[in-house]
Amino acid sequence: MKKAWSILPEEWKPILAERGLRPFRADQVLQSLYRDYITDWDQATTLPKDFRETLKSEFPITKAEVADVSASSDGTKKLLLRMEDGNCVETVLIPATGRFTQCISTQVGCAMGCAFCASGARGVVRSLTADEIVAEYMSGRRVGEITNIVVMGMGEPFANYDETMRALKLINAGKGPNLGARHITISTCGVVPGFARLASEGIQFELSVSLHAPNDELRSQLMPVNRKWPIDELLNACADYTRATKRIITFEYTVIKGVNDSRACAEELARQVRRVPMAKVNLIPLSPVSHRPDFKTPDERTMLMFLDVLMKHGVQTMLRRSRGKDADAACGQLRLRHLDA
Ligand code: SAH
């Protein structure tokens, strides 16, 4: 038994041929899965009944039940999805002018333990399989036409590399959902071996790196991953990636009041990111999380000071607004609330 959403479009023909089925059946299957967005083979009414039965027993469609919806006044919607084993993950749908971005999770919880992040507050339960990640996308797709995906939900994609990559390749596939690679952003906290692997894929996914601190002392306090792969190693991996792929890396910097928001931090950050060719920076004000009431959102002035320092050093920088504040939208928050309920 293989889950339907773990099978790449080009793999269907040989799989069906083994069962004595003609190639056009593969096209019908793809049509049902990725044009009609069926959630059950019974809905694939173009297929003969006995073929549907075969598909049902051998290639089931993964269930991801919407266990909760949390809507924000800014239009952001967060879905809590219950997987078949009862574990829940979050996916967030973020409308913007000309865009409809979906933030997807790759693990139940997270092992990385970043101090400011709700997803890691209880550790990791397990990684998601490729079909479960595709199921997340499909849940979003049923709400609206997704134009962009950011892999910035729960979990560390490079700690679940194979399944994440399989899901993204499927979502990207021309005979699948056909979402362009440049519309898919992978975000990592800095699991260094992932960079060379991603570069070797030769697919033009976008890459973001969560930096959040400009030196090892501070970064190791905020992000335990830094003790394994310190900033020098991380930035070298980033520079190698950029040289190999000619692709830009965006550094994410979550600004936390009184923690990493000084002018000296901004100056040091500018010097660090300039070691990576063409790098960009996104500045994000912290979304408050219940397990760390001591971490506070910086005021607008601090954000502008940071922006100003980076720009003066010639670093391309964007100020990001947090979205979905009243929807527990910082990653992991909705699940945390459910675990506590
Ligand atoms: N593990 C990956 C992807 C998931 S986190 C990574 O670390 O990049 C997605 C982004 O949200 C990361 O940049 C993360 O640091 C940031 N983030 C987590 N908690 C946050 C919070 N409370 N406020 C603002 N950003 C947060």
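Residues numbered from 1 in each chain as written. Predicted model: local features only at pLDDT ≥ 70, side-chain atom pairs only at ≥ 80, totals over all residues. Heavy atoms only, no water.

**Structural notes on the sheet that holds strand S1 (residues 65-71)**
Line of reasoning, step 1. Pairing is mixed in the open sheet, where 10 strands are placed in the order S1-S2-S3-S4-S7-S8-S9-S10-S11-S12. Looking at the sheet topology across the chains shown, the edges are occupied by S1 and strand S12 (316-319). Here the average twist between neighbouring strands, direction ignored, is 20 degrees.
Line of reasoning, step 2. Examined bridge by bridge, strand S4 (residues 99-103) and strand S7 (residues 148-151) share three bridges and lie parallel to one another. In the sheet register, Gln102 faces S7, and the bridge partner there is Ile149.
Line of reasoning, step 3. Here helix H4 (residues 130-141) sits on the sheet and contacts strand S2 (77-82), strand S3 (88-96), S4 and S7; the angle it forms with S3, its principal contact strand, is near 40 degrees.
Line of reasoning, step 4. Sheet strands touched by helix H6 (residues 193-201): strand S8 (184-188), strand S9 (206-210) and strand S10 (249-255). Its angle to S9, the strand with the most contacts, is close to 175 degrees. (Pairing = 2+ DSSP bridges. Helix = DSSP H or I, 4+ residues; strand = E, 2+ residues; numbered from the N terminus. Axes fitted to C-alpha atoms, helices over the stretch in contact; angles between N-to-C directions. Contact = heavy atoms within 4.5 Å.)

**Notes on the pairing of S8**
Line of reasoning, step 1. By the criterion of burial, S8 is predominantly enclosed, with five of the five residues buried.
Line of reasoning, step 2. On S8, burial covers both faces: Ile184, Ile186 and Thr188 on one face and Thr185 and Ser187 on the other are all buried.
Line of reasoning, step 3. Of the pairings in the sheet, the one linking S7 to S8 comprises three bridges and is parallel in character. Residue Val150 lies in a different strand from S8, and its bridge partner there is Thr185.
Line of reasoning, step 4. Here S8 runs beside S9; their pairing, made up of four bridges, is parallel. The residue bridging Ser187 from the neighbouring strand is Ser208, located in S9.
Line of reasoning, step 5. Crossover connection from S8 via H6 to parallel S9: handedness right-handed. (Buried < 20%, exposed > 50% of the residue type's maximum accessible area, 1.4 Å probe, protein only. Right-handed = clockwise from strand over helix to strand, strands pointing away.)

**Quick look at the domain arrangement of the protein**
Line of reasoning, step 1. Per the domain assignment, the segments making up the protein are domain 1 (4-58) and domain 2 (65-340).
Line of reasoning, step 2. One C-alpha centre belongs to domain 1, the other to domain 2, and the line joining them spans 34 Å.
Line of reasoning, step 3. Tallying the contact residues gives 14 residues for domain 1 and 16 residues for domain 2.
Line of reasoning, step 4. Where domain 1 abuts domain 2, roughly 1,300 Å² becomes buried across the two surfaces, and 64% of that area is made up of carbon and sulfur atoms.
Line of reasoning, step 5. It is Trp5, Leu8 and Tyr37 that lose the most area in domain 1 upon contact with domain 2, and together they represent 48% of the buried surface on that side.
Line of reasoning, step 6. Here domain 1 and domain 2 share two salt bridges between them. (Domains from an automatic or database assignment. Buried area = accessible area lost by both parts, 1.4 Å probe. Salt bridge = Lys/Arg side-chain N within 4 Å of Asp/Glu carboxyl O.)

**Brief notes about unusual backbone geometry**
Most peptide bonds take the trans form, and the phi angle of most residues other than glycine is negative.
Line of reasoning, step 1. The backbone of Asn178 shows a phi angle near 60 degrees, a positive value even though the residue is not glycine.
Line of reasoning, step 2. Relative to the assigned elements, Asn178 resides in the loop between helix H5 (161-172) and S8.
Line of reasoning, step 3. Judged by its relative accessible area of 47%, Asn178 is partly exposed.

**Observations regarding the packing of H5 against H6**
Line of reasoning, step 1. Relative orientation of the contacting elements H5 and H6 amounts to 30 degrees, with a least axis distance of 12 Å. As the angle between them shows, H5 and H6 are arranged roughly parallel. Considering the relative orientation of H5 and H6, their crossing is right-handed. Together, Tyr161, Asp162, Met165 and Lys169 of H5 and Gly194, Arg197, Leu198 and Glu201 of H6 make up the contact between the two elements. (Parallel < 35°, antiparallel > 145°, perpendicular 65-115°, else oblique. Left-handed = near helix turned anticlockwise from the far one by under 90°.)

**A word on the packing of aromatic side chains**
Line of reasoning, step 1. In this structure the tally under the stated criterion is five aromatic pairs.
Line of reasoning, step 2. Considering the side-chain rings of Tyr253 and Phe306, the 5.1 Å spacing of their centres and the 35 degrees angle between planes classify their relative orientation as tilted. Of this pair, Tyr253 sits in strand S10 while Phe306 sits in helix H11 (residues 300-312), and the two are 53 residues apart along the sequence.
Line of reasoning, step 3. Note on Tyr253: relative accessible area 1%, which makes it buried.
Line of reasoning, step 4. A relative accessible area of 0% places Phe306 in the buried class.
Line of reasoning, step 5. Following the ring pairs from residue to residue traces out a cluster consisting of Trp12, Trp41 and Phe59.
Line of reasoning, step 6. We note Arg292 situated over the ring of Phe295; from NZ or CZ to the ring centre the distance is 4.1 Å. (Phe/Tyr/Trp six-rings, centres within 6.5 Å; stacked < 30°, edge-to-face > 60°. Lys NZ or Arg CZ within 6 Å of the ring centre and 35° of its normal.)

**Some points on the pattern of salt bridges**
Line of reasoning, step 1. Taken as a whole and judged by the stated rule, the model has 20 salt bridges.
Line of reasoning, step 2. Across the pair Arg82 and Glu65 runs a salt bridge, and its minimum N-O distance is 3.5 Å. Here the residue Arg82 occupies a position in strand S2, and Glu65 occupies one in strand S1, the gap between them amounting to 17 residues.
Line of reasoning, step 3. In this structure, the salt-bridge partner of Asp232 is Arg275, at a minimum N-O distance of 2.9 Å. On the criterion of sequence distance, the pair formed by Asp232 in helix H9 (residues 231-245) and Arg275 in the loop between helix H10 (263-273) and strand S11 (280-285) is long-range, its members being 43 residues apart.
Line of reasoning, step 4. Residue Asp232 is classed as partly exposed on the basis of its relative accessible area of 45%.
Line of reasoning, step 5. Several salt bridges share partner residues, and in doing so they unite Asp42, Lys49, Glu53 and Lys56 into one network.

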